[in-house]
Amino acid sequence: MTLNVRDLRIDDSADVEAFALVRHLALPYIMWTPAAIVHRLAHTHPDARFRSLVAEEDGEVIGTAQVQLAHDSPEPGQGMLNIYVRPDRTRRGAGDLLVRAAEEHLTSHGATKLFAWVLDEPANRAFAERHGYHASRSAHFLRLDLTAAALPPLETPPAGVELRSAAEFTDDPRPLFELDAETASDEPSDVDTEFGDYQNWIEENWKHPLLDRELTMVALVEGRPAAFSVAHTDPASRRYATAMTGTSRDFRGRGLAKLAKNASLHRARAAGFTEALTGNDTGNGPMLAINKWFGYEICGSEVRFVRELT
């Protein structure tokens, strides 16, 4: 048996498809399309030092890693590594090699504190602890069957509020960038986020191959974007995912995020999507309550693990 770790070959479609397959088998609650995998590697900000790695056993890709610095955090020296091995190819050393390669890359670029999402299962937790990581916070994956769900009825927006799709901002998406930047900085997280590079946001987010601008809904108050629900879709699998839902600080407590997400879900079902996916940090109680209101059910969980190197 020959086992090695190398960079993903983004110009090799078979290699990218193998990466996507491993991710899908290990983490089926996220849409892992080849186009999205290539896009992230090609368009993540250079300061993130982002890499996609594969563990290969006798020519077969059996493990994957995505590794980067938290370049958009005000606290320097933070790195992230997310490693997943095919469930039927574990205990062969792939995970160990990927951790070693990821940590060497991050520390070579100044990382002193490392974060990793780990499936909330005994073997996965034990693996992280064995490598010196300790558990921090947790998050859930949620699923909604759009073919059977009794979605809340669509509501008429209150006075002064209108709903528009992201497609209507094609000529000038900057207001959505500003809303995204504000809401992202308020998301519960071990790593604070402050992004202000508009052009990078355009390349990385606005041009993301999974972004569905027609299904991404924005609630405006007196013409100002106040809340939104970002939709990612994969027409081939008929799957829809909420990539982000948030409300500007000035407009919270008015049900605007719920209004936007409900409109997006109704549009998704009308467009023929059959499954809705989302993620929910357990520290974000309001969003968890909204997702339960829609009928989402928990289908998996992860735990954030942390390792201090100083």
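Given the structure is predicted, the values throughout are model-derived calculations rather than measurements.

Relative to the assigned elements, L69 resides in strand β3 (residues 60–69). With 44 residues separating them along the chain, L69 and K113 place their C-alpha atoms 10.0 Å apart. Look past the residues within four positions of L69 in its chain and what remains in contact with it is D47, A48, R49, Q78, G79, M80, L106, H109 and A111.

What follows covers the packing of aromatic side chains. The full count for this structure, using the stated rule, is six aromatic pairs. Consider the rings of F177 and Y198, whose centres lie 5.2 Å apart with planes at 65°: the pair is edge-to-face. Taken together, the residues span a long stretch of sequence, with F177 in helix α5 (residues 174–185) and Y198 in helix α6 (residues 198–206) at a distance of 21 residues. The same class applies to F177 and to Y198, which are both buried. Look at F177 and W201: their rings are 5.6 Å apart centre to centre, the planes differ by 65°, and that puts the pair in the edge-to-face class. Taken together, the residues F177 in helix α5 and W201 in helix α6 connect sequence positions 24 residues apart. On the basis of relative accessibility, which here comes to 6%, the residue F177 falls in the buried class. Among the residues examined, W201 registers a relative accessible area of 5% and is labelled buried. Pairwise contacts between aromatic rings join F177, Y198, W201 and W206 into one cluster.

A word on the pattern of salt bridges. Taken as a whole and judged by the stated rule, the model has 18 salt bridges. Here R6 ties to D15 by a salt bridge, and the two come within 2.8 Å at their closest N and O atoms. Under the relative-accessibility criterion, D15 is labelled buried at 5%. Between R249 and E182 there is a salt bridge, and its shortest N-O distance comes to 3.5 Å. A residue pair is termed long-range when its members are at least 10 positions apart, and R249 in the loop between β10 (239–247) and α7 (256–270) and E182 in helix α5 qualify at 67 residues.

What follows deals with the nonpolar core. Across soluble globular proteins, nonpolar side chains show a tendency to be buried alongside one another. Counting residues in hydrophobic clusters, the biggest one holds 23 residues, and the most contacted among them are L81 and L106. Among the elements of the structure, β2 (51–57), β3, β4 (78–85), α3 (94–108), β5 (113–119) and β12 (297–308) are those that each provide at least two residues to this core. With six residues, the single largest contributor to this core is α3. Membership of the second largest hydrophobic core comes to 17 residues, among which are A231, A276, I290 and Y296.

Let's shift gears to the packing of α5 against α6. Contact geometry for α5 and α6: axes closest at 11 Å, N-to-C directions at 90°. Accordingly, the angle class assigned to the pair α5 and α6 is roughly perpendicular. Between α5 and α6, the residues in contact are R174, L176, F177 and D180 and Y198, W201 and W206, respectively. Split into classes, the residues belonging to the contact of α5 with α6 amount to five nonpolar, no polar and two charged.

Turning our eyes to something else, we now look at the pairing of strand β9 (residues 224–234). Counting buried positions over the 11 residues of β9 gives 10, a clear majority of the element. The sheet contact formed by strand β8 (residues 217–221) and β9 spans five bridges and is antiparallel. Paired with V221 across the two strands is R224, which belongs to β9. Counting the residues between successive antiparallel strands, the hairpin from β8 to β9 contains two residues, one of them, E222, with a positive phi of roughly 50°. Two elements, β9 and β10, share eight bridges in a ladder whose sense is antiparallel. Pairing of T233 across the sheet is with Y240, part of β10. Hairpin remark: β9 followed by β10, antiparallel, with four residues in the connecting loop; positive phi at R238, about 60°.

Conventions and cut-offs
- Residues numbered from 1 in each chain as written.
- Predicted model: local features only at pLDDT ≥ 70, side-chain atom pairs only at ≥ 80, totals over all residues.
- Heavy atoms only, no water.
- Helix = DSSP H or I, 4+ residues; strand = E, 2+ residues; numbered from the N terminus.
- Contact = heavy atoms within 4.5 Å.
- Phe/Tyr/Trp six-rings, centres within 6.5 Å; stacked < 30°, edge-to-face > 60°.
- Buried < 20%, exposed > 50% of the residue type's maximum accessible area, 1.4 Å probe, protein only.
- Salt bridge = Lys/Arg side-chain N within 4 Å of Asp/Glu carboxyl O.
- Core = buried A, V, L, I, M, F, W, Y, C linked by side-chain atoms within 4.5 Å.
- Axes fitted to C-alpha atoms, helices over the stretch in contact; angles between N-to-C directions.
- Parallel < 35°, antiparallel > 145°, perpendicular 65-115°, else oblique.
- Nonpolar A, V, L, I, M, F, W, Y, C, P; charged D, E, K, R; others polar.
- Pairing = 2+ DSSP bridges.

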